[in-house]
Amino acid sequence: MTTSAGAGTRITVHGPERMTALGRRLGGLLRAGDLLVLSGDLGAGKTTLTRGIGEALGVRGAVTSPTFVIARVHPPLAEGPALVHVDAYRLGGGLEEMEDLDLDVSLPESVIVVEWGEGKVEELSGDRLHIAIGQDGEESRTLLLTGVGERWAGVPLAALAESD
């Protein structure tokens, strides 16, 4: 199911397999320089969505939660951008605290996905995609995708919804 929500697009998915599939569809729209900021409760599906993005980008290594390492870089197996997967949960401050990760250096040639990044990484780029994941039950999730900046103007986010 998909609905337009003012500045954002709502998509509902049921189950982790469909969240991964949504990530694969989203990954097909991504290109080097894209910044995605994910928010949602623990267990909402942020890493599951990122796993699908990694599959679509064709990157090396299993996409797992980077909670304890803060960031993982998944190089491409062929042509295309690397995936930089960041978990900013344990980082308290803003971008200054993340400087050691060199995200600003990685951004032009990578797709960067930051879990728990709201209020911490927006300074990296005026163009970014915010994805808020809400839990509607044990298996059901509603995602609000909000594009910010020229990059996301006109990108058909509603087309990412499954057509069952």
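Quick look at the structure, then. In this text the structure is predicted, and so the values were computed from the model without any measurement.

Here is what the cut-offs are and how they apply
Residues numbered from 1 in each chain as written. Predicted model: local features only at pLDDT ≥ 70, side-chain atom pairs only at ≥ 80, totals over all residues. Heavy atoms only, no water. Helix = DSSP H or I, 4+ residues; strand = E, 2+ residues; numbered from the N terminus. Buried < 20%, exposed > 50% of the residue type's maximum accessible area, 1.4 Å probe, protein only. Contact = heavy atoms within 4.5 Å. Areas by Shrake-Rupley, 256 points an atom, 1.4 Å probe, with all protein chains shown as cover. Phe/Tyr/Trp six-rings, centres within 6.5 Å; stacked < 30°, edge-to-face > 60°. Lys NZ or Arg CZ within 6 Å of the ring centre and 35° of its normal. Expected span 1.5 Å × (residues − 1). Pairing = 2+ DSSP bridges. Core = buried A, V, L, I, M, F, W, Y, C linked by side-chain atoms within 4.5 Å. 1 Å grid on protein atoms, 1.4 Å probe; cavity = no way out; pocket = protein on both sides within 12 Å on 5 of 7 lines; lining within 4 Å. Points joined across faces, edges and corners; volume = space filled by probe spheres on them. Nonpolar A, V, L, I, M, F, W, Y, C, P; charged D, E, K, R; others polar.

## Section: the overall build of the protein
Then comes step 1: If you tally the helices and strands in the protein, you get three helices and eight strands.
Then comes step 2: When the helices and strands of the protein are read in sequence order from the N terminus, they spell out β-β-α-β-α-β-β-α-β-β-β.
Then comes step 3: For the protein, the proportion of its 164 residues judged to be buried stands at 48%.
Then comes step 4: Pairs at least 24 apart in sequence give 62% of the contacts found in the protein among residues at least 6 apart.
Then comes step 5: Total accessible area computed for the protein in this model is approximately 7800 Å², and 51% of it derives from carbon and sulfur atoms.

## Examining the packing of aromatic side chains
Then comes step 1: Using the criterion set out here, one finds zero aromatic pairs in the structure.
Then comes step 2: Here the basic side chain of Arg151 rests over the ring of Trp152, its NZ or CZ set 4.2 Å away from the ring centre.

## What about the environment of Leu157?
Then comes step 1: Mapped onto the fold, Leu157 is located in the segment after strand E8 (140-148).
Then comes step 2: You can call Leu157 buried: its relative accessible area is 7%.
Then comes step 3: Filtering out sequence-adjacent residues up to four positions away, Leu157 remains in contact with Thr9, Ile11, Leu29, Leu129, Leu145, Gly147 and Trp152.

## Thoughts on helix H1 (residues 16-27)
Then comes step 1: If you check H1, its first and last C-alpha atoms are 16 Å apart, about what twelve residues at 1.5 Å a residue would give, namely 16 Å.
Then comes step 2: Residues of H1 that are buried include every one of Met19, Thr20, Ala21, Leu22, Gly23, Leu26 and Gly27, and no others.

## Regarding the pairing of E8
Then comes step 1: Two elements, strand E2 (residues 8-14) and E8, share six bridges in a ladder whose sense is antiparallel. Among the inter-strand pairings, Arg10 is bridged to a residue of E8, identified as Leu144.
Then comes step 2: Pairing analysis gives eight bridges linking strand E7 (residues 128-135) to E8, with the strands arranged antiparallel. The residue bridging Ile133 from the neighbouring strand is Leu143, located in E8.
Then comes step 3: Hairpin connection from E7 to E8: four residues lie between these consecutive antiparallel strands.

## Considerations on the nonpolar core
Then comes step 1: Membership of the largest hydrophobic core comes to 27 residues, with the highest contact counts inside it found for Leu36, Ile53, Ile131 and Leu143.
Then comes step 2: Breaking this core down by element, the ones donating at least two residues are E2, H1, strand E3 (35-40), helix H2 (46-57), strand E6 (110-115), E7 and E8.
Then comes step 3: Residues within four places of Ile131 in sequence aside, it is in contact with Leu26, Leu36, Val37, Leu38, Ser39, Leu49, Leu143, Leu144 and Leu145.
Then comes step 4: Listed in part, the nine residues of the second largest apolar core include Leu35, Ile112, Val121 and Leu124.

## A short note on the layout of surface pockets
Empty space left among the atoms is revealed by rolling a probe the size of a water molecule over them.
Then comes step 1: Of the pockets and cavities examined, the largest pocket occupies roughly 160 Å³.
Then comes step 2: What lines the largest pocket is a set of twelve residues, and nearest its centre among them are Leu42, Gly43, Lys46, Glu115 and Trp116.
Then comes step 3: Class assignment for the residues of the lining of the largest pocket results in four nonpolar, five polar and three charged.

## With respect to unusual backbone geometry
Then comes step 1: The residue Trp116 is not glycine, and still its phi comes out positive at about 60°.
Then comes step 2: By the secondary structure assignment, Trp116 is in the loop between E6 and E7.

## So, the environment of Ile133
Then comes step 1: Within the secondary structure, Ile133 is located in strand E7.
Then comes step 2: A relative accessible area of 6% places Ile133 in the buried class.
Then comes step 3: Residues Ile133 and Ile11, 122 residues apart in the sequence, show an inter-C-alpha distance of 9.5 Å.
Then comes step 4: Setting aside its immediate chain neighbours within four residues, Ile133 contacts Met19, Ser39, Gly40, Asp41, Ala44, Gly45, Lys46, Arg141, Thr142 and Leu143.

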